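# Topology and contacts: notes
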Amino acid sequence: MAYLLPHLQNGWEVDQAILSEEDRVVVIRFGRDADQACMVQDEVLAKIAEKVKNFAVIYVVDIDQVPAFNEMYELYDPCTIMFFYRNKHIMVDCGTGNNNKINWSMTDKQELIDIMEIVYRGARKGLGLVVSPKDHSTKYRY
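What this report covers is the structure whose coordinates are included nearby. (Residues numbered from 1 in each chain as written. Predicted model: local features only at pLDDT ≥ 70, side-chain atom pairs only at ≥ 80, totals over all residues. Heavy atoms only, no water.)

### Describing the pairing of strand β4 (residues 88-93)
As paired elements, strand β3 (residues 79-85) and β4 share three bridges and run antiparallel to each other. The residue bridging Phe 84 from the neighbouring strand is His 89, located in β4. Hairpin remark: β3 followed by β4, antiparallel, with two residues in the connecting loop; positive phi at Arg 86, about 50°. Of the pairings in the sheet, the one linking β4 to strand β5 (residues 129-131) comprises three bridges and is parallel in character. Bridging across to β5, Met 91 finds its partner in Leu 129. Regarding the hand of the β-α-β motif, the stretch spanning β4, helix α3 (residues 109-124) and β5 is left-handed. (Pairing = 2+ DSSP bridges. Helix = DSSP H or I, 4+ residues; strand = E, 2+ residues; numbered from the N terminus. Right-handed = clockwise from strand over helix to strand, strands pointing away.)

### Brief notes about unusual backbone geometry
For Glu 74, which is not a glycine, the phi torsion comes out positive at approximately 55°. Among the structural elements, Glu 74 can be located in the loop between β2 (56-62) and β3. On the basis of relative accessible area, Glu 74 is assigned to the partly exposed category, the value being 43%. Phi is positive for Arg 86, close to 50°, though the residue is something other than glycine. Along the polypeptide, Arg 86 turns up in the loop between β3 and β4. A relative accessible area of 47% places Arg 86 in the partly exposed class. (Buried < 20%, exposed > 50% of the residue type's maximum accessible area, 1.4 Å probe, protein only.)

Structural measurements only, silent on function.
What follows is the structure in structure tokens.
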């Protein structure tokens, strides 16, 4: 499903996507296009892209094709989503301890839209860290 989303082919394109967007949140899915988790995530992202187009723009980056950011953003997971607003990395507290990124596949479309909206609202207020509407910590899962 990654073919439905705009691909960034090199480090320069990633930088330009982050730098050039003034009014919307830049959502970048880092991962491998052939990975099962990324395929699931890309399908969800493709389905919500039209709904969030007023406040977010979604891109995908294959970390094997563009390895420039792997060490900088610690991209070791199969599928990672990161948020940027006006050239600033926006962190999301999901209750998992890693606020820099979402490093699992989110299959709930509305939940992902809610997170993007929270990121947009917080970033417009100048916040660098926003709190997810749902706690994703595993301490309450039995």
